[in-house]
Amino acid sequence: MSNELGMSRIQLYRKVKALTNYSPVEFITFFRLKKAVSIMKMTDTNLAQIAYQVGFSAPSYFSKSFKKYYGKSQSEYLKAIKGV
């Protein structure tokens with residue numbers, strides 16, 4: 001990504017961190033998680049399939065990241081938003 005923008009990795013890191021308060025990796029992970037939540041709200045797709053669909057390489061990493069950012073597991077979050 002830094003090559004496409006014509007800047008060094010360090011410059012990219014600093015700019016993204018300054019604008020979003022996240023590192024580039026954290027920002028991309030957060031974006032993927034937000035996309036996963038929107039898919040979870042709209043469909044009844046399997047959580048592992050959603051994890052792969054939004055770009056996570058393993059459902060376990062998706063689960064760990066989800067819990068870190070939202071403070072709940074995916075199933076707990078689903079129950080809260082769908083009222084089940």
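Please refer to the structure placed before this passage.
Residues numbered from 1 in each chain as written. Predicted model: local features only at pLDDT ≥ 70, side-chain atom pairs only at ≥ 80, totals over all residues. Heavy atoms only, no water.

Q: Provide a residue-level description of the packing of helix α2 (residues 9-20) against helix α3 (residues 24-42), including the pertinent values.
A: Two elements in contact, α2 and α3, have axes separated by 9 Å at closest approach and are oriented at 55°. What the angle tells us is that α2 and α3 run oblique. Contacts from Leu12, Tyr13, Val16, Lys17 and Thr20 of α2 reach α3 at Pro24, Glu26 and Phe27. Grouping the constituent residues of the contact of α2 with α3 by class yields 5 nonpolar, 1 polar and 2 charged. (Axes fitted to C-alpha atoms, helices over the stretch in contact; angles between N-to-C directions. Helix = DSSP H or I, 4+ residues; strand = E, 2+ residues; numbered from the N terminus. Parallel < 35°, antiparallel > 145°, perpendicular 65-115°, else oblique. Contact = heavy atoms within 4.5 Å. Nonpolar A, V, L, I, M, F, W, Y, C, P; charged D, E, K, R; others polar.)

Q: How would you explain helix α5 (residues 59-70) if you had to name every residue and give the values?
A: Taking 1.5 Å as the rise per residue, α5 with 12 residues should run 16 Å; its terminal C-alpha atoms sit 16 Å apart, in good agreement. Turning to α5, its buried residues number three or more, namely Phe62, Ser65 and Phe66. Buried residues in α5, looked at end-on, bunch into an arc of 105°, giving them a common side. Opposite the buried face of α5, by more than 90 degrees, sit the exposed residues Ser60, Lys64 and Lys68. Check the buried side of α5 and you find it contacts α3, α4 (47-53) and α6 (74-82). The first or second residue beyond α5 is Gly71, which carries a positive phi of 75°. (Expected span 1.5 Å × (residues − 1). Buried < 20%, exposed > 50% of the residue type's maximum accessible area, 1.4 Å probe, protein only. Arc of directions from axis to C-beta.)

Q: Lay out the packing of aromatic side chains in plain terms, naming residues and giving numbers.
A: Two numbers describe a pair of aromatic rings. These are the distance of the centres and the angle of the planes. Under the defined criterion, the tally for this structure stands at 9 aromatic pairs. Measuring from centroid to centroid gives 5.5 Å for Tyr22 and Phe30, while their planes differ by 25°, and the two rings are stacked. Taking the relative accessible area as the measure of exposure, Phe30 reaches 23% and is therefore partly exposed. Taken together, a centroid distance of 5.2 Å and an interplanar angle of 50° make the contact between Tyr70 and Tyr77 tilted. Given a relative accessible area of 24%, Tyr70 falls into the partly exposed group. (Phe/Tyr/Trp six-rings, centres within 6.5 Å; stacked < 30°, edge-to-face > 60°.)

In short, the description is geometric, and any link to function would need to be established separately.
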